Amino acid sequence: MSEHNLQQRNQRTLRKLLIWAVAMFGFAFAMVPFYDVICDITGLNGKTSTTASTEGPSQVVEDRTVTVEFITQRGEGVNGDFTSATRRVEVHPGEITLVNFFASNPKSSDIITQSIPSVSPGEAARYLHKTQCFCFDQQSLAAGERKEMPMIFYLDPELPRHINTLTLSYTIFDVTDRVAATNN
Amino acid sequence: MSTAAAHDDHHHHAPTGLKRWLFSTNHKDIGTLYLWFSFAMFLAGGLLAMVIRTELLEPGMQFVDPEFFNQMTTVHGLAMVFGAVMPGFVGLANWMIPLMIGAPDMALPRMNNWSFWILPFAFLILLSSVFMSAFGAGNPAAPNFGWTFYAPLSTEYGPASTDLFILSVHMMGISSIMGAINVIVTVFNLRAPGMTLMKMPLFVWTWLITAFLLIAVMPVLAGAVTMMLTDRHFGTSFFNAAGGGDPVLFQHVFWFFGHPEVYIMILPAFGIISAIIPTFARKPLFGYASMVYATASIALLSFVVWAHHMFTVGMPLAGTLFFMYMTMLISVPTGVKVFNWVATMWRGSMTFELPMKWAIAFVILFTCGGLSGLMLAITPVDFQYHDTYFVVAHFHYVLVSGAVFSMFAAAYYWLPKWSGVMPNKLLGELHFWSSLISVNLLFFPMHFVGLAGMPRRYADYALQFADYNFWISIGGFWFGLSQLLFLAVCVLCAMKKGEKAPARSWEGAEGLEWEVPSPAPFHTYDTPPVVK
Ligand code: HEM
Ligand SMILES: [Cu+2]
């Protein structure tokens, strides 16, 4: 093989490998939407739907009782209270239930918050339907305000039999800076 | 970009001194640079580990504060993985692949120069933050989130130096990708006539497959740190729950890189051991073809097991089972390899020169590490073991008494070819026995404290772990000091002090590299060798 030919072959192989490397860099970013899809399908990481469910329950399963527990946590930058009116409720699948949550802002300035839900076991996430939730939108809290934030949900009658308890956790974040940054 | 054959003109006026090393495009020079760099990082990373073990010598806080301790574990891991093990193997590839396949040099010599010289700067950037920290600048001055840099520790809560870390990871990644591309182009295009793929020595095969792994996953690591960077400074929320992202996504992206990465650190070792055992057993390698296929299947499987690092994060049952079984499946091709090594030794005329000692130690101790890996793969059991010293014991068995021991084996085996003199036997024996005993004193008790529940990455521990930790620390200091013996061996060889080595430095050694004189001349195979 002549030297020139060899050089060309090397360059060709080099180019192919470089394209592959760049494609794999892209793949890392492609994992982001892909992950969201997988989470939707499998309930991975306990993500619940981010929009209100429009259909009501088809029936109420009176002979079955499921415990739903609520956990509230404060994320970065929040120093007010964040609690729920009750820590646990017993419900029948299909039964529509309202639970009130409370958040307060002891700061001397207004803040905007976002609450992020997560369900454990993750498998149950798809069977938790919310017709109203403070987590669907950002909530603003005026300086010194204490706000009541309702959440209305029902459990899908199809909820797998082996799930008797599920835990719904909310973490509240202060996103004031974030919102300000995107508005600018 | 010039190709190997195009720089023939160097023959007559090779530059000397600093310039020789700075501008070198010669695969042997660059290999040497890589190897010394790797050893320097091994000692630097080791020094950080000594700080860790000093603090853990006794319960309670005596020596450093917890913040600094976290920086030590983080930078120790990074320096060892990206500074010692990976560049060490790249150095061996540079030296040995062209010699083994009858090529005059690497295919892209100028790129080769770049891929090395990026590295010292990458580590200068990373280690500078440790120096700042040690001398009290900023708190914390160095990355403190573990070598796995999970979000949000490294994003919302990362220190300012995280940005230095991101830059240096990018540089390391570019360096590895260039090195990997060079290996692939060389193996594909520069083999001597008659050197078919299935005649290549296993070290070349394992490196070829490693190179493909590198090109597949180093860009994913680059993607992960890029997302971190934009999360930190440009308002994106890849990993930020408040903005709609997900910190768990970070772990998926990281381990999609991370698990293949652990195989990147062990496949070349398999190649080295497959070269050494036949030499000193005086028998051809048992099951050559099955070794090639086993390596390829390990590499493929390594892409579908990453979530075994994340069992406790929470996954649907089906996913958990999938990752558990896939992980266990990897031990099948790994078992094939161990079987083949043992079968090669079976009824061989074995002698136990230094490289063989290291190789046998590798086979036994690496298998111990594989076994604890298998235990960790069992999901319900991993819930107990995860993030304890049991995991630390596992990965140090596979990485220290595995990958690092294989590099010692390689060094003792090929030093005669590199330097022209045999490595000093007395120092070598001392180094081997001292390392062998101390490495087990250091890492074996970690299994016990791990099983008993001692968590990793803490600067203090409960009183009941005190005795074990004392001995672990003693093992640590002992192992660290033993490596100075290896430094002495290398310096003696570099100074050409020792018994002169013949071309075929070991009686039973086969392969093209033993046909050229020792030390290998600056330029080899200007006319391709004959492959039988
Ligand atoms: C039979 C083969 C192997 C199996 C089944 C296996 C399995 C595992 C599992 C399940 C874990 C996660 C433990 C936990 O965090 O709870 C783990 C961790 C780890 N393994 Fe392996 N492993 C194997 C071989 C290897 C090899 C060959 C290497 C590297 C040369 C390696 C390096 C590591 C590292 C570095 C970690 C810890 C990462 C960290 O959290 O910092 N393993 N292994
Ligand atoms: Cu792994």
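Computed from a prediction, not measured in an experiment: that's the story for all the values here.

Asks: Quick question: what am I supposed to make of the overall build of chain B here?
Replies: Helix and strand counts for chain B stand at 15 helices and zero strands. For chain B, long-range pairs separated by at least 24 residues make up 82% of all intrachain contacts whose partners lie at least 6 apart in sequence. As presented, chain B carries roughly 19400 Å² of accessible surface, and 73% of it is formed by carbon and sulfur atoms. Looking at chain B, you have 22 positive and 25 negative side-chain charges, and the mean spots of the two groups are 14 Å apart.

Asks: What should I look at first to understand the site of ligand 1 in this one?
Replies: Residues and elements named next belong to chain B. Around ligand 1, the structure places 23 residues, and the nearest of them are Trp147, Asp382, His386, His394 and Arg456. Elements represented by at least two residues in the shell around ligand 1 include exactly helix 7 (247–264), helix 11 (354–377) and helix 13 (389–419). The element contributing the most residues to the shell around ligand 1 is helix 11, with six residues. The residue makeup of the shell around ligand 1, split by class, is 13 nonpolar, eight polar and two charged.

Asks: It is not clear to me how the environment of A:Leu168 should be interpreted in this structure. Could you clarify?
Replies: Inspection of the secondary structure assignment puts A:Leu168 in strand 9 (residues 165–174). Expressed as a C-alpha distance, the spacing of A:Leu168 and A:Ala21, which sit 147 residues apart in the sequence, is 41 Å.

Asks: Would you mind going over the environment of A:Val89 with me for this structure?
Replies: Residues and elements named next belong to chain A. Looking at the element boundaries, Val89 is found in strand 3 (residues 88–91). In this structure, the C-alpha to C-alpha distance between Val89 and Val66, residues 23 residues apart in sequence, is 8.4 Å. With residues up to four places along the chain from it excluded, the contact list for Val89 reads Val66, Thr67, Val68, Phe70 and Phe153.

Asks: Explanation requested: the coordination of the copper ion (ligand 2) in the structure shown.
Replies: Residues and elements named next belong to chain B. Only His259 (ND1), His308 (NE2) and His309 (NE2) from the protein reach the copper ion (ligand 2) as donors, at distances of 1.8 to 2.1 Å. The metal-metal distance between the copper ion (ligand 2) and the iron atom of ligand 1 is 4.6 Å. Note that His259 is positioned in helix 7 and His308 in the loop between helix 9 (288–301) and helix 10 (317–345), a separation of 49 residues in sequence. Accessibility assignment for this pair places His259 and His308 in one class, buried.

Asks: Any chance you could explain the UniProt feature "transmembrane region" (unreviewed entry) in chain A here in plain terms?
Replies: Under the local residue numbering, the UniProt record ascribes the feature "transmembrane region" (unreviewed entry) to residues 17–35 of chain A. As annotated, residues 17–35 of chain A has a helix share of 100% and a strand share of 0%, and its two end C-alpha atoms lie 26 Å apart.

Asks: Any chance you could explain the interface of chain B and chain A here in plain terms?
Replies: It is common to give the size of an interface as the accessible area lost on bringing the parts into contact. Contacts between chain B and chain A engage 42 residues on the former and 31 residues on the latter. Summed over both partners, the interface of chain B with chain A comes to about 3200 Å²; 71% of that surface belongs to carbon and sulfur atoms. Applying the counting rule to chain B against chain A returns six residue pairs in polar contact (both at pLDDT 80 or more). At the level of elements, helix 5 (162–189), helix 6 (202–233) and helix 7 of chain B are the ones that each hand at least two residues to the side of chain B that touches chain A. In terms of residue count, the dominant contributor to the side of chain B that touches chain A is helix 6 of chain B (nine residues). The residue makeup of the side of chain B that touches chain A, split by class, is 29 nonpolar, 11 polar and two charged.

Asks: Just to check I follow, could you spell out the sheet that holds strand 7 (residues 139–141) of chain A for this structure?
Replies: Sheet strands associate in pairs through backbone hydrogen bonding, adopting either a parallel or an antiparallel arrangement. Residue and element names in this part refer to chain A. Strand order in the open sheet made by the five strands is 3-1-9-5-7, with mixed pairing throughout. Where the open sheet ends on each side, the last strands, each with one partner, are strand 3 and strand 7. Across this sheet, the average inter-strand angle for adjacent strands is 30 degrees, counted without regard to direction. Here eight bridges tie strand 5 (residues 111–120) to strand 9, and the two strands are oriented antiparallel to one another. What sits directly across from Gln114, in strand 9, is Phe173.

Asks: Quick question: what am I supposed to make of the coordination of the iron atom of ligand 1 here?
Replies: For a metal bound by four donors in a tetrahedral arrangement, the ideal donor-metal-donor angle is 109.5 degrees, while six donors in an octahedral arrangement ideally sit at 90 or 180 degrees. Exactly one donor from the protein chain reaches the iron atom of ligand 1: B:His394 (NE2), at 2.1 Å. Counting through the fold element by element, B:His394 comes out in helix 13.

Asks: Where do I start with the packing of aromatic side chains in this structure?
Replies: In total, this model carries 61 aromatic pairs over all chains according to the counting rule given. Aromatic side chains A:Phe101 and A:Tyr170 sit 5.1 Å apart centroid to centroid with 75 degrees between the ring planes, which places their arrangement in the edge-to-face category. Placement of the pair is A:Phe101 in strand 4 (residues 97–104) and A:Tyr170 in strand 9, with a sequence separation of 69 residues. A relative accessible area of 0% places A:Phe101 in the buried class. Directly above the aromatic system of B:Trp21 lies the positively charged group of B:Arg20, at a separation of 4.4 Å from the ring centroid.

Asks: What am I meant to see in the pairing of strand 4 of chain A here?
Replies: Side-chain positions along a regular strand alternate between the two faces of the sheet. Residue and element names in this part refer to chain A. Counted residue by residue, strand 4 has seven buried out of eight residues, so it is predominantly covered. The sheet contact formed by strand 2 (residues 82–84) and strand 4 spans three bridges and is antiparallel. What sits directly across from Thr83, in strand 4, is Phe102. With eight bridges joining them, strand 4 and strand 8 (residues 146–155) adopt antiparallel strand pairing. Bridging across to strand 8, Ser104 finds its partner in Arg146.

Asks: Before we go on, may I ask you to explain the sheet that holds strand 4 of chain A in this structure?
Replies: Residues and elements named next belong to chain A. Sheet architecture is open: four strands sit in the order 2-4-8-6, paired in antiparallel fashion. Single-partner strands in this sheet number two, and they are strand 2 and strand 6 (128–132). Pairwise comparison of adjacent strand axes, ignoring direction, gives a mean angle of 30 degrees for this sheet. Where strand 6 and strand 8 come together, four bridges link them in antiparallel fashion. In the strand pairing of strand 8, His129 is matched with Tyr154.

Asks: Whenever I open this one, the state of the cysteines confuses me. Can you help?
Replies: By definition, a disulfide links the sulfur atoms of two cysteines through a covalent bond. All names here are of chain B. Here the structure, examined in full by the defined rule, presents one disulfide over all chains. Cys493 supplies the cysteine sulfur nearest to Cys490, a cysteine that is in no disulfide, at a spacing of 6.8 Å. Accessibility expressed as a relative area gives 1% for Cys493, which makes it buried.

Asks: Is there a simple way to think about empty space enclosed by the protein in this case?
Replies: Residue and element names in this part refer to chain B. Evaluated as defined, the whole model comprises three cavities of 30 Å³ or more. Taken as a whole, the largest cavity encloses approximately 60 Å³ of empty space. What lines the largest cavity is simply Tyr34, Phe82, Met86, Pro87, Val90, Leu119, Met172, Ser175 and Ser176. Where the lining of the largest cavity is concerned, the elements lending two or more residues are helix 3 (66–101) and helix 5. Here the lining of the largest cavity gets four residues from one element, more than from any other, and that element is helix 3. Looking at the lining of the largest cavity, its residues break down into seven nonpolar, two polar and no charged. Met86, Phe89, Val90, Ser176, Trp207, Thr210, Leu214 and Ile264 are the residues that line the second largest cavity. Taken together, the elements giving at least two residues each to the lining of the second largest cavity come down to helix 3 and helix 6. Across the lining of the second largest cavity, the residue classes break down as six nonpolar, two polar and no charged.

Rules of the game
Residues numbered from 1 in each chain as written. Chains lettered and ligands numbered in written order. Predicted model: local features only at pLDDT ≥ 70, side-chain atom pairs only at ≥ 80, totals over all residues. Heavy atoms only, no water. Helix = DSSP H or I, 4+ residues; strand = E, 2+ residues; numbered from the N terminus. Contact = heavy atoms within 4.5 Å. Areas by Shrake-Rupley, 256 points an atom, 1.4 Å probe, with all protein chains shown as cover. Lys, Arg positive; Asp, Glu negative; His and termini not counted. Charge placed at Lys NZ, Arg CZ, Asp CG, Glu CD. Near = heavy atom within 4 Å. Nonpolar A, V, L, I, M, F, W, Y, C, P; charged D, E, K, R; others polar. Donors = N, O, S within 2.8 Å, 3.2 Å for Na, K, Ca; no water. Buried < 20%, exposed > 50% of the residue type's maximum accessible area, 1.4 Å probe, protein only. UniProt positions renumbered as here; feature names shortened; annotations may be inferred. Buried area = accessible area lost by both parts, 1.4 Å probe. Polar contact = N/O pair within 3.5 Å; in protein donor to acceptor, adjacent residues only side chain to side chain. Pairing = 2+ DSSP bridges. Axes fitted to C-alpha atoms, helices over the stretch in contact; angles between N-to-C directions. Phe/Tyr/Trp six-rings, centres within 6.5 Å; stacked < 30°, edge-to-face > 60°. Lys NZ or Arg CZ within 6 Å of the ring centre and 35° of its normal. Disulfide = S-S within 2.5 Å. 1 Å grid on protein atoms, 1.4 Å probe; cavity = no way out; pocket = protein on both sides within 12 Å on 5 of 7 lines; lining within 4 Å. Points joined across faces, edges and corners; volume = space filled by probe spheres on them.

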